[in-house]
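Observations on the model geometry
As a plain string of letters, each chain reads:
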Amino acid sequence: MKIVNIVPGFGGTFYCGNCLRDSGFAGAVRKSGHEAIILPVYLPLTIQGDVHETPVFYGAVNIYLKQAFPVLRHMPGWMEQLLNSPPLLKLAASKAGSTRAHGLEELTESMLLGKEGRQGKELDELVHFLKHQVKPDVVHFSNALLLGMAKQVREEAGVPVVCSLQDEDVWVDAMNEPYPAKIWNLLAEKAGDVDAFVAVSRYFAGVMKPKMRLPGEKLHVVHIGIDPALYEFHPFPPDPPALGFLSRIYEENGFGILVDAFILLKSRPGFETLRLHASGGMTGDDKTFFNRQMKKLNDAGLAKDFSLFEDFRPESLGRFFKSLSLLSVPVLKGEAFGLYQLEALASGIPLVQPSLGAFPEILEETGGGLIYEPNTPEALAAGLESILRDSARLTQMSANGRKAVEEKFDFGMLALKMVDVYNRIL
């Protein structure tokens, strides 16, 4: 079969787990004998090694300007092409505000309104491309915030529609009032245009089922996966030991909690050589927060013990993982999955994660780390210390994690589960 994955691009400015998930699933589906095409919207996908000749639909600069200035909805074609040029879209991705919900409430609502919103022209272009050029058997949307497109795609292109569910609540619940309730109601309404939903964890299926009023027979769970063969296993921790953080470096992902826990540990006997390594990039919005964390380290005399790995492309992360003893991404409110967990575990790096979101589910499945609560620097420092002082336990968690990724989270196996979802609705 031919599957088209409609995926929001991210411009390459930060570690995007959802983007890596979509790109990886498409690759695994191809290996299973089917055709999978990634169609980026808003921004280029820009994942090294997964280059696509398809255009970027709903160019971020275009739709933002048309939403803010309705007169521009009738701009000439040459101007639209200029605003959709890769250099301009990449510049837009690096700017502050490009990935936050505040200020984009009206645009999010308009996108979900589909044909009734202000992006009707863009929707027609997408449907025409699908219907007359790609001709897919299934269209798979990366997240529920894209479902304003689903009705026209399903009816005019004549294909069933699948939608993944991952962290939509983070975006919607961060909006200014009265938008959260309005957007959840719209999402519940648009759910009727979808043939199947695929949540990335049991935890998140439980979150989204009531929020979007989803019928149980439409809701499936397929965990995220990776190709473990792409990750070198490191059974022995480095000397000196190092804590790692891999995700977009901003407040909501808990980088500040890890910095504070690191400062606490460095004051304790036996951790004089401990280091802190971080990777994952940031947007313009995140730099002020990052500079505050660097000031804390500098004031504690620990700036020399911190390293920032700026290259977070998949093929470059091996050097980062090789430098780590443990990894922690203490997301303030938890999240639907966290792909970085699998990447670390496949590399033999145990996890120390808060008892929030899907983290307990993943660590229960893998045995590759420790859950702590509450999500405070003190509790995190205690969890990190308990493993760092027990080399046998660290070694066992390392082996457990790698084994679990190979047996339960291999992309090849999970791609077959996704194909089974497609077959059920064809």
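Attention in this report is confined to the structure presented alongside it.

The rules behind the values
Residues numbered from 1 in each chain as written. Predicted model: local features only at pLDDT ≥ 70, side-chain atom pairs only at ≥ 80, totals over all residues. Heavy atoms only, no water. Phe/Tyr/Trp six-rings, centres within 6.5 Å; stacked < 30°, edge-to-face > 60°. Helix = DSSP H or I, 4+ residues; strand = E, 2+ residues; numbered from the N terminus. Buried < 20%, exposed > 50% of the residue type's maximum accessible area, 1.4 Å probe, protein only. Axes fitted to C-alpha atoms, helices over the stretch in contact; angles between N-to-C directions. Parallel < 35°, antiparallel > 145°, perpendicular 65-115°, else oblique. Contact = heavy atoms within 4.5 Å. Nonpolar A, V, L, I, M, F, W, Y, C, P; charged D, E, K, R; others polar. Left-handed = near helix turned anticlockwise from the far one by under 90°.

1. Topic: the packing of aromatic side chains
- Within the structure shown, the criterion is met by 9 aromatic pairs.
- Look at F25 and F411: their rings are 4.9 Å apart centre to centre, the planes differ by 65 degrees, and that puts the pair in the edge-to-face class. With F25 in helix α1 (residues 17-31) and F411 in helix α18 (residues 411-425), this pair connects stretches of sequence that are 386 residues apart. In terms of burial, F25 and F411 fall into one category: buried.
- Taken together, the ring pairs in this structure connect F245, F255, F290 and F306 into an aromatic cluster.

2. Describing the packing of helix α16 (residues 377-388) against helix α17 (residues 391-408)
- Interhelical geometry of α16 versus α17 gives an angle of 95 degrees and a closest axis separation of 6 Å. With respect to α17, the axis of α16 lies roughly perpendicular. Note on element contacts: α17 touches α16 through S391, R393, L394 and M397, opposite S386, I387 and L388.
- Residue classes in the contact of α16 with α17 are distributed as 4 nonpolar, 2 polar and 1 charged.

3. Focus: the packing of helix α14 (residues 339-346) against α17
- At a closest axis distance of 7 Å, the pairing of α14 and α17 adopts a crossing angle of 115 degrees. In terms of their interaxial angle, α14 and α17 are classed as roughly perpendicular. Seen from above, α14 lies across α17 with left-handed handedness. The residues of α17 that touch α14, namely those facing L342, L345 and A346, are G401, R402 and V405.
- Of the residues belonging to the contact of α14 with α17, the class tally is 4 nonpolar, 1 polar and 1 charged.

4. Thoughts on the environment of G120
- Its place among the elements puts G120 in helix α6 (residues 120-134).
- For the pair formed by G120 and S110, sequence separation is 10 residues and the distance between their alpha carbons is 9.7 Å.

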